[in-house]
Amino acid sequence: MTTGTLEPQTIQVDGFQIDVADAPQPRGDQTKPWWRQRLNWDVMLGLIGIHLVACLAPFTFTWPAFGVFLFLQWLTGGFGVTLGYHRLLTHRSFKIPKWLEYTATLCGSLALQGGPIKWVATHRIHHAYSDRAQDPHSPKRGFWWAHMFWLFAYDEILNHQSRYWHYTTDLTKDRVHLFLNRTHAWHNVLLGMALFALGGWPFVIWGVFFRLVFVYHMTWLVNSAAHIWGYQSYDT
């Protein structure tokens, strides 16, 4: 849902409203191909590396490792990202005890799609400008841009914490969410160490790298395929 204006004064999602009158507004005038823009080299090289290591999955297959993958992809992608990052933190669709909210946030951080504050800011900007030029992953720029290439390009708001925090003032007041946002990249390191102790490299390859790639593309298909094909109630 959006307020319907090009530069909204508020963002409203499922009844939750946030004032963004003073927030930096995305220009939406970046028409160059992603490879001709300023690049997020750390993100691009990190994603390439994770995909390459995930290619070792067929050579390290064991049924216990596959079971670890099945459980963790649900825990991090289903419970963590879909329920936690998306429905709970971004849209505030429901309320749960704080300890459970923090648990869902921690599980979401294990999907390695960014810290909770940046993820929520990105998605709220997306809802404010859905499928328009200002949408960070607008499908108007093509399937692959909406799917993953938008992550590689520098963004004038999402690359600056002081700017995207305007869209997440409810979360930036919470010390636990601030801590989880600051440390999110280390959570998979600790998980990987635990998995290695339990089942060696098969557990690490399937429980971390292959699981990350699987959850990445399941999430990204929502931004790309789901916004390009299928029934549409509105002409977006």
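Residues numbered from 1 in each chain as written. Predicted model: local features only at pLDDT ≥ 70, side-chain atom pairs only at ≥ 80, totals over all residues. Heavy atoms only, no water.

Trainee: Explain the overall build of the chain to me, and be specific about the residues and the numbers.
Mentor: Summing up its helical and strand segments, the chain has eight helices and two strands in all. Within the chain, the proportion of its 236 residues that are buried is 46%. Sequence separation of 24 or more characterises 75% of the internal contacts of the chain that already satisfy a separation of 6 or more. Carbon together with sulfur atoms contributes 66% to the accessible area of the chain, which is approximately 12,400 Å² in total. (Helix = DSSP H or I, 4+ residues; strand = E, 2+ residues; numbered from the N terminus. Buried < 20%, exposed > 50% of the residue type's maximum accessible area, 1.4 Å probe, protein only. Contact = heavy atoms within 4.5 Å. Areas by Shrake-Rupley, 256 points an atom, 1.4 Å probe, with all protein chains shown as cover.)

Trainee: Mind laying out helix 1 (residues 41-54), listing which residues take part and the relevant values?
Mentor: The terminal C-alpha atoms of helix 1, which comprises 14 residues, lie 20 Å apart, in line with the 20 Å expected from a rise of 1.5 Å per residue. Within helix 1, the full set of buried residues consists of Met 44, Leu 47, Ile 50 and Ala 54. The buried residues of helix 1 all sit within an arc of 135° when viewed along its axis, so they share a single face. Helix 1 presents Trp 41, Asp 42, Leu 45 and Leu 52 as exposed residues on the side facing more than 90 degrees away from its buried surface. (Expected span 1.5 Å × (residues − 1). Arc of directions from axis to C-beta.)

Trainee: Break down the confidence of the model for the chain for me, citing the residues and quoting the values.
Mentor: For residues with low pLDDT, the predicted coordinates do not support detailed interpretation. Mean pLDDT over the chain: 86, with 83% of residues reaching 70 or higher. Under a pLDDT of 50 for its full length, residues 1-6 has, in the predicted model, 15 contacts with residues more than four places off or in other chains. (pLDDT = per-residue confidence, 0-100.)

Trainee: Describe the pattern of salt bridges, naming the residues involved and giving the relevant values.
Mentor: Applying the stated criterion across every chain, the model contains five salt bridges. With a shortest N-O distance of 3.5 Å, Arg 92 and Asp 170 are connected by a salt bridge. One end of the pair, Arg 92, is in the loop between helix 2 (63-90) and helix 3 (98-109); the other, Asp 170, is in the loop between helix 6 (161-164) and helix 7 (175-223), and 78 residues separate them in sequence. Residue class for Arg 92 comes out partly exposed when judged on its relative accessible area of 22%. (Salt bridge = Lys/Arg side-chain N within 4 Å of Asp/Glu carboxyl O.)

Trainee: Explain the environment of His 147 to me, using residue names and the numbers behind them.
Mentor: Relative to the helices and strands, His 147 is located in helix 5 (residues 143-147). Overall, His 147 belongs to the buried group, its relative accessible area being 3%. Within the structure, the side chain of His 147 is placed 3.0 Å from the side chain of His 217, a separation counted as a polar contact. (Polar contact = N/O pair within 3.5 Å; in protein donor to acceptor, adjacent residues only side chain to side chain.)

Trainee: Explain the nonpolar core residue by residue, including any values.
Mentor: Of all hydrophobic cores here, the largest spans 52 residues; its most connected members are Phe 152 and Leu 195. Going through the elements one at a time, helix 1, helix 2, helix 3, helix 4 (116-128) and helix 7 are the ones with two or more residues in this core. (Core = buried A, V, L, I, M, F, W, Y, C linked by side-chain atoms within 4.5 Å.)

Trainee: Can you explain the packing of aromatic side chains? Please cite residues and give values.
Mentor: The tally for this structure, following the rule as stated, stands at 18 aromatic pairs. Aromatic side chains Phe 66 and Trp 206 sit 5.9 Å apart centroid to centroid with 80° between the ring planes, which places their arrangement in the edge-to-face category. Remark: Trp 206 occurs in helix 7 and Phe 66 occurs in helix 2; sequence separation between them is 140 residues. Classification of Phe 66 by relative accessible area gives partly exposed; the value is 24%. Look at Trp 206 and Phe 210: their rings are 4.7 Å apart centre to centre, the planes differ by 50°, and that puts the pair in the tilted class. With Trp 206 and Phe 210 both in helix 7 and four residues apart, this pair spans about one turn of that helix. Through pairs of rings, three or more aromatic residues link up here, namely Phe 61, Trp 63, Phe 66, Phe 69, Trp 206, Phe 210 and Phe 214. The side chain of Arg 38 reaches across the aromatic face of Tyr 154, ending 4.1 Å from its centre. (Phe/Tyr/Trp six-rings, centres within 6.5 Å; stacked < 30°, edge-to-face > 60°. Lys NZ or Arg CZ within 6 Å of the ring centre and 35° of its normal.)

Trainee: Account for helix 7, with residues named and values stated.
Mentor: Along an α-helix, a turn takes 3.6 residues, which lines up residues three or four apart on a common side. Relative to the 72 Å expected for 49 residues at 1.5 Å per residue, helix 7 spans just 30 Å between its end C-alpha atoms, considerably shorter than the ideal helical length. For helix 7, the principal kink sits at Gly 199 and spans about 135°; a proline, Pro 202, occurs within the next four residues. Capping of helix 7 at its N-terminal end is provided by Asp 174; its side-chain oxygen lies 2.9 Å from the backbone amide nitrogen of Val 176. (Bend = angle between axes of the 7 residues up to and from the residue.)

Trainee: Tell me about a nonpolar patch on the surface, and name the residues and values.
Mentor: On the surface, Trp 41, Leu 45, Ile 48 and Leu 52 cluster together to form a nonpolar patch covering roughly 450 Å² of accessible area. Structurally, Leu 52 is set in helix 1. (Patch = residues over 30% accessible without salt bridge, like charges linked within 9 Å, V, L, I, M, F, W, Y side chains within 5 Å.)

Trainee: Outline the packing of helix 3 against helix 7, supporting the account with residue identities and numerical values.
Mentor: Contact geometry for helix 3 and helix 7: axes closest at 9 Å, N-to-C directions at 35°. In the crossing of helix 3 with helix 7, the sense of the turn from one axis to the other is right-handed. Contacts between helix 3 and helix 7 pair Glu 101, Tyr 102, Thr 105, Leu 106 and Ser 109 from the former with Val 176, His 177, Leu 180, His 184, His 187 and Asn 188 from the latter. A breakdown of the residues in the contact of helix 3 with helix 7 according to their chemical character gives four nonpolar, six polar and one charged. (Axes fitted to C-alpha atoms, helices over the stretch in contact; angles between N-to-C directions. Left-handed = near helix turned anticlockwise from the far one by under 90°. Nonpolar A, V, L, I, M, F, W, Y, C, P; charged D, E, K, R; others polar.)

Trainee: Lay out the side chain of Arg 124 in plain terms, naming residues and giving numbers.
Mentor: Along the chain, Arg 124 falls in helix 4. Its relative accessible area of 0% is what places Arg 124 among the buried residues. Side-chain polar atoms of Arg 124 contact the side chain of Asp 170, separated by 2.9 Å.

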